[in-house]
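Structural features, examined
Single-letter residue listing:
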Amino acid sequence: MGQHILEICYLIASVTFIFGLKMMSNPKTARKGNMVAAVGMTIAILGTIFLYESSKTSRESLKLILIFAAIAIGTVIGWMTAKRVQMTKMPELVSMFNGMGGACAALIGLMEYHHNVGNINTLLPTVLGMVIGSVSFAGSVIAFLKLNGTMDKPIRLPSYNILNTIVLVGVLALCGYLIFSDVENSPLLYGLFACALIYGVMFVIPIGGADMPVVISLLNSFTGLAAAFGGFLYDNKVMLTGGILVGSAGTLLTIVMCNAMNRSLSSVIFGAFGKSSAAGGGSNTEGGSIKDISVSDLAVLMNYSKKVVIVPGYGLAVAHAQHIIHELELLLEERGVEVKYAIHPVAGRMPGHMNVLLAESNVDYGKLVEMEEINPEFDQTDVVLVVGANDVVNPAAKSDPASPIFGMPILEVDKAKHIIVNKRSMSAGYAGIDNLLFYDPKTSMFFGDAKKALTSLVSELKAMS
Amino acid sequence: MGQHILEICYLIASVTFIFGLKMMSNPKTARKGNMVAAVGMTIAILGTIFLYESSKTSRESLKLILIFAAIAIGTVIGWMTAKRVQMTKMPELVSMFNGMGGACAALIGLMEYHHNVGNINTLLPTVLGMVIGSVSFAGSVIAFLKLNGTMDKPIRLPSYNILNTIVLVGVLALCGYLIFSDVENSPLLYGLFACALIYGVMFVIPIGGADMPVVISLLNSFTGLAAAFGGFLYDNKVMLTGGILVGSAGTLLTIVMCNAMNRSLSSVIFGAFGKSSAAGGGSNTEGGSIKDISVSDLAVLMNYSKKVVIVPGYGLAVAHAQHIIHELELLLEERGVEVKYAIHPVAGRMPGHMNVLLAESNVDYGKLVEMEEINPEFDQTDVVLVVGANDVVNPAAKSDPASPIFGMPILEVDKAKHIIVNKRSMSAGYAGIDNLLFYDPKTSMFFGDAKKALTSLVSELKAMS
Amino acid sequence: MENILSFVSEHKEAIYFILLAIFVGVEVIEKVPTILHTPLMSGANAIHGVVIIGAIIVMLDTETDNILSLILGFIAVVLGTLNVVGGFVVTDRMLEMFKKK
Amino acid sequence: MENILSFVSEHKEAIYFILLAIFVGVEVIEKVPTILHTPLMSGANAIHGVVIIGAIIVMLDTETDNILSLILGFIAVVLGTLNVVGGFVVTDRMLEMFKKK
Ligand SMILES: NC(=O)c1ccc[n+]([C@@H]2O[C@H](COP(=O)([O-])OP(=O)(O)OC[C@H]3O[C@@H](n4cnc5c(N)ncnc54)[C@H](OP(=O)(O)O)[C@@H]3O)[C@@H](O)[C@H]2O)c1
Ligand SMILES: NC(=O)c1ccc[n+]([C@@H]2O[C@H](COP(=O)([O-])OP(=O)(O)OC[C@H]3O[C@@H](n4cnc5c(N)ncnc54)[C@H](OP(=O)(O)O)[C@@H]3O)[C@@H](O)[C@H]2O)c1
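This section reports on the structure supplied with the text. (Residues numbered from 1 in each chain as written. Chains lettered and ligands numbered in written order. Predicted model: local features only at pLDDT ≥ 70, side-chain atom pairs only at ≥ 80, totals over all residues. Heavy atoms only, no water.)

Quick look at the overall build of chain C
The condition that has to hold: Under the scheme used here, helices are H or I runs from DSSP no shorter than 4 residues and strands are E runs no shorter than 2 residues, and both carry numbers assigned from the N terminus. Radius of gyration here is computed from C-alpha atoms only, and the compact-globule reference equals 2.2 Å multiplied by the residue count raised to the power 0.38. Per-residue accessibility, obtained with a 1.4 Å probe over protein chains only, is compared with the maximum for each type, and a residue is labelled buried under 20%, exposed over 50%, and partly exposed between these values. A contact between two residues is defined here by any heavy atoms of the two lying within 4.5 Å. Working definition of accessibility: Shrake-Rupley area with a 1.4 Å probe, residue cover restricted to the visible protein chains. Here Asp and Glu are counted as negative and Lys and Arg as positive; His is not counted, and neither are the chain ends. A single reference atom marks each charge: NZ on Lys, CZ on Arg, CG on Asp, CD on Glu.
A tally of helices and strands in chain C yields five helices and zero strands. Along its sequence from the N terminus, chain C presents helices and strands in the succession α-α-α-α-α. Taken over the C-alpha trace, chain C has a radius of gyration of 19 Å; the compact-globule value for 101 residues is 13 Å, which it surpasses by more than 25%. For chain C, the spread of C-alpha atoms along the three principal axes comes to 55 × 45 × 15 Å. Within chain C, buried positions represent 71% of all 101 residues. Contacts in chain C between residues far apart in sequence, at least 24 positions, make up 68% of those at least 6 positions apart. Here chain C has roughly 3,100 Å² of accessible surface; of this, 66% comes from carbon and sulfur atoms. Mean positive and mean negative side-chain charge positions of chain C (6 and 10 charges, respectively) differ by 23 Å.

Here's what the structure looks like:
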């Protein structure tokens, strides 16, 4: 009876996962979708605690206390972290939570191993779940450290890919041996565990910090896979559904991101980008002179414009300048200036990064205009204010077939009357290449940290009226 | 071994069905998608013939000959009919083929019944598949006759719905008895079969001929359901996948059609439309006078226009005027007139009906403009030529809250300088309501069968140059 | 009540299968644009012709001396083939016209 | 070869399940617009926290005197909860901002 009810709980949870993801396709229903999935998850968890039954199951109060204590601890920490973290730290957070899930899967595998030796149908998912979970865990930790800035240089030993492949082959060989040997061999299991962790570290270490969103999405789908293997192990449908859904979602998102950057997944993982950027691309640095603009001149220019388009980029996120830019926008509108934001699909470091940021600072949704729509408007624009964006406005993507970003669609800001670029220095963006836009006669540089620079601009503007 | 290969055949076929339907979402890949599904189907059929194995299976040459003969006959007839039929007869054809599938399911149920008495798990799908197949078969035949014009009036006995409900209850009761009684009772089975056929007839008979596309789509999903029950009966995955896919596709399409017409499914089935149209709506007939236009005047008018928009409707399909209208279009373009087609989503009698028709006569795809896009263009249009359309240009949908089509989006042709309406008489369209557009001072009527009228227009135009 | 519960839990494989297949069907069809709805309808029509497999199985499993069964099975196979072949061919004809552009 | 064939056919239920679930996942995700990709990623992240169910099962099935198992299980449940709760809450926070408009 209990078992039957549990199956129905799982069924409900599986359906909520699907509906939840489905509702995520619309900003209006997305939040509800997330709630729906969360409710389903709660049902599945509580159902398991109270109704799960196998030949070995027992519910001593010690165990129940431990389980609830663990859940309580996890809930409090998870809740607090999630509520407190800054919006700009989202990628770090996602990678951290992803690592937790991976670790959980790895632990399950470690503990279940000796129960399942001899039965290949359950041993296979046990070992694979453990390995994938471990890789995901270790990889996520490194990704977290990289995003965090703790580990900021890609570390690339000589003949790295060979080394990496050797470890991978080792992991696979150990897996195969453990699964098919039919004898319990705990030391080897721990060896495999260690190797998987090492592989996870080595997998992520050579990848540049800026590529982390792609990596996280990939690791996300790894953890999904690990959960699905858990589903096979326990013949548990909800773990299977959830795991497979996330696995395919993660894979798809990874591909979407790579496509939007006009790069292949392998070039992200094997770091072809970093190399070519160091070598090529920089050929035009001497090509022209750059022009500065002072805060007061800029304030005057903007004050008397009719139409201003703001192009936010990664720098805006780093500088936490989303609130001050909203203030600038409101101020300009008060003075009768029309203000819009031009949102490039891969501006920032995560898909939709700019939308999340600007939504946080209450910018009106209707003012965020997507690339295809805003591009024809630039020639009627007086001032384009580029804030911490670089690659997404690089004309080389259109004009220079040798450029690594050639072919990526860009915001065509060079059609506007005046282009103001705010960044801290002349250094390159994510793709590591030079930007000829900065040498355009119509462009003026407005150097400084985005938040500070904009703050001074806003106070200058306020002083003017 | 053979059984294993057969399972893989089924797996492949199931995947091709999904991919085939998926590829249908794009005109570029749609044809290939259909091929893919057809290949999968062939694999599944051949696999079954040669590899299927149960305790009772035998492959005497007589049986194999009969099977291949049956397939050959079906193929030849199906192929010829499908190749020869006129494009305007598409709905008839679909309903006919649908009926064949339903009949096939019904026969399977009839034959399998006595093998499965006593085993509720297989008896249930056997009986239900038989019943749904029979309803689908009988309903499709009636739908075919109605579309065909053989049976053109909705037949509505007094207290029809009550009668109908009684038959339905009878069918359900017999089903329940047969399934749960556990004793073989062939006469009752044939009784049930007869009742199901009667119900199918009664289900469709009261529905107006013009509502047939919705009905066919619904019957389509019924047959899908019947196939899925076959899948349960034989534990056959490909029948299950195919059946369920079609079942949900048919249901969804039905809903989409009803939504586009701004009506509910129950109002289609219970015929609320037909009634209200007879009573209401006609209140404004006396409201104004209509104006005729002669062929020669029309030819002059069009010849000296800059921009002409053609609005095709059901009448175009009935009159087979798609080729002559293309000729008209080419002729006008030769003379420097800009010509476009305005396509309303529910113009005609099937979703996408106009696109299919005009594609047949080789009209350039880019000239077919959808409603939302063309509506803002009407005020720069010199002549709108409405050919056999009525409801889709009825301004009552916007202005008259009492109208049965109120709320349906329409083509706003009344914004154009001149409106020419070609139809045979002043009689109403599908919704059975009057159209004030015809009394608009800017409107001129150009009476006659679409094909004949346009032919005379074209020759008049040709004579002019 | 308990009957229903145990029914659901015993047939969970089938229920998940059905649910997922319905989801796939709905999601896939939702993406088809209106202009392709007529061919979609007839393509789907062809696919439910898969019921022919049942007819073939009936033929294969019947005793050769059961004439009635053979005849009915024969008719069922003919009807199923009509549905399959006619459906695919007519859909192809329609889509051919779309492809030209 | 024959091994593979029989493996596939024996596990057909599972294979269909996996295939259909993958299709559902891909179809559903494909429809999500770019602007929602960050919350989608973190929402999906929360869902794979379903692995916590495995951790709970381990705890329930372990002997009470197997301290190591209890400790590891405890840690696994904490980690799983972190993934689930953190994931859903952070997604909710992000989506809350989108909803305001
Ligand atoms: N969105 C995604 O899904 C995603 C995922 C992965 C990768 N990417 C990639 O990320 C790039 C995004 O382009 P983007 O134009 O947004 O950014 P970007 O090309 O990376 O450029 C960011 C610029 O911001 C400036 N900056 C850094 N900190 C700043 C601060 N505190 N104040 C002001 N400026 C600051 C930097 O120049 P200074 O150092 O001179 O200040 C840098 O040039 C693309 O190449 C895209 O392919 C995107
Ligand atoms: N597309 C779909 O999926 C679908 C499905 C079901 C229902 N519907 C419904 O069908 C209607 C479609 O609107 P519609 O404007 O296309 O058609 P309509 O409103 O049905 O009007 C068609 C008009 O064509 C005229 N006509 C008939 N034969 C003709 C011929 N040989 N030559 C010239 N004219 C002829 C008729 O008038 P005369 O008799 O005076 O000639 C009639 O008024 C909508 O109400 C819609 O809701 C659509």
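Back to the write-up after that little detour.
Focus: the interface of chain B and chain C
The condition is simple: Note on definitions: buried area is the accessible-area loss of two parts on being combined, 1.4 Å probe, summed for both. Any carboxyl oxygen of Asp or Glu that lies within 4 Å of a side-chain nitrogen of Lys or Arg is treated as forming a salt bridge with it. When residues are grouped by polarity, Ala, Val, Leu, Ile, Met, Phe, Trp, Tyr, Cys and Pro land in nonpolar, Asp, Glu, Lys and Arg in charged, and all others, Gly among them, in polar.
Contacts between the two partners involve 101 residues from chain B, matched on the other side by 77 residues from chain C. Here chain B meets chain C over a buried area of about 8,100 Å², counting both sides, of which 79% is carbon and sulfur. Applying the counting criterion to the chain B and chain C interface returns one salt bridge. One salt bridge connects R31(B) with D92(C), and the closest N-O pair in it is separated by 2.8 Å. Only α1 (2–23), α2 (27–51), α3 (61–84), α4 (90–116), α8 (212–234), α9 (237–261) and α15 (353–360) of chain B provide two or more residues apiece to the side of chain B that touches chain C. Ranked by residue count, the leading element in the side of chain B that touches chain C is α3(B), at 17 residues. Looking at side-chain class alone, the side of chain B that touches chain C contains 61 nonpolar, 26 polar and 14 charged residues.

Focus on the packing of α4(B) against α8(B)
Residues and elements named next belong to chain B. Inclusion rule: Throughout, an axis means a line fitted to C-alpha atoms (over the contacting stretch in the case of helices), and angles, computed between N-to-C directions, take values from 0 to 180 degrees. For classification purposes, an angle smaller than 35 degrees is called roughly parallel, one larger than 145 roughly antiparallel, one from 65 to 115 roughly perpendicular, and anything else oblique. Each crossing gets its handedness from the near helix: less than a right angle anticlockwise from the far helix is left-handed, clockwise is right-handed.
Direction vectors running N to C along α4 and α8 enclose 30°, while the axes themselves pass 9 Å from each other. With respect to each other, α4 and α8 are oriented roughly parallel. In this structure, α4 crosses over α8, and the sense of that crossing is left-handed. Seen from α4, the contacting residues are P91, V94, S95, N98, G101, G102, A105, I108, E112 and N116; seen from α8, they are I216, L219, N220, T223, A226, L233 and Y234. Its residues placed into classes, the contact of α4 with α8 shows nine nonpolar, seven polar and one charged.

So, the site of ligand 2
Residues and elements named next belong to chain B. The test is simple: If even one non-hydrogen atom of a residue comes within 4 Å of a molecule or strand, that residue is called near it. Whenever a nitrogen or oxygen atom comes within 3.5 Å of another N or O atom, the pair is scored as a polar contact, on the condition that within protein one atom can donate a hydrogen and the other can accept it, and that pairs from neighbouring residues in sequence are kept only if both atoms are in side chains.
Around ligand 2 sit 28 residues in total, of which N390, D391, R424, S425 and D449 are the nearest. A distance of 2.8 Å is found between an oxygen atom of ligand 2 and a backbone nitrogen or oxygen belonging to R424. The backbone of A450 places a nitrogen or oxygen atom 2.8 Å from a nitrogen atom of ligand 2. Contact with the protein chains hides 97% of the accessible area of ligand 2, taken as 920 Å² for the molecule alone.

A few points about the sheet that holds strand β2 (residues 338–343) of chain B
Residue and element names in this part refer to chain B. The condition is simple: Paired strands are those between which DSSP finds at least two bridges.
In space, the six strands of this open sheet follow the order β3-β2-β1-β4-β5-β6, with parallel pairing throughout. Bordering the open sheet on either side are β3 (368–370) and β6 (443–445), each of which pairs with just one other strand. Strand-to-strand twist of the sheet, defined as the mean angle between neighbouring strand axes without regard to direction, takes the value 25°. As judged from the three bridges shared by β2 and β3, these two strands associate in the parallel manner.

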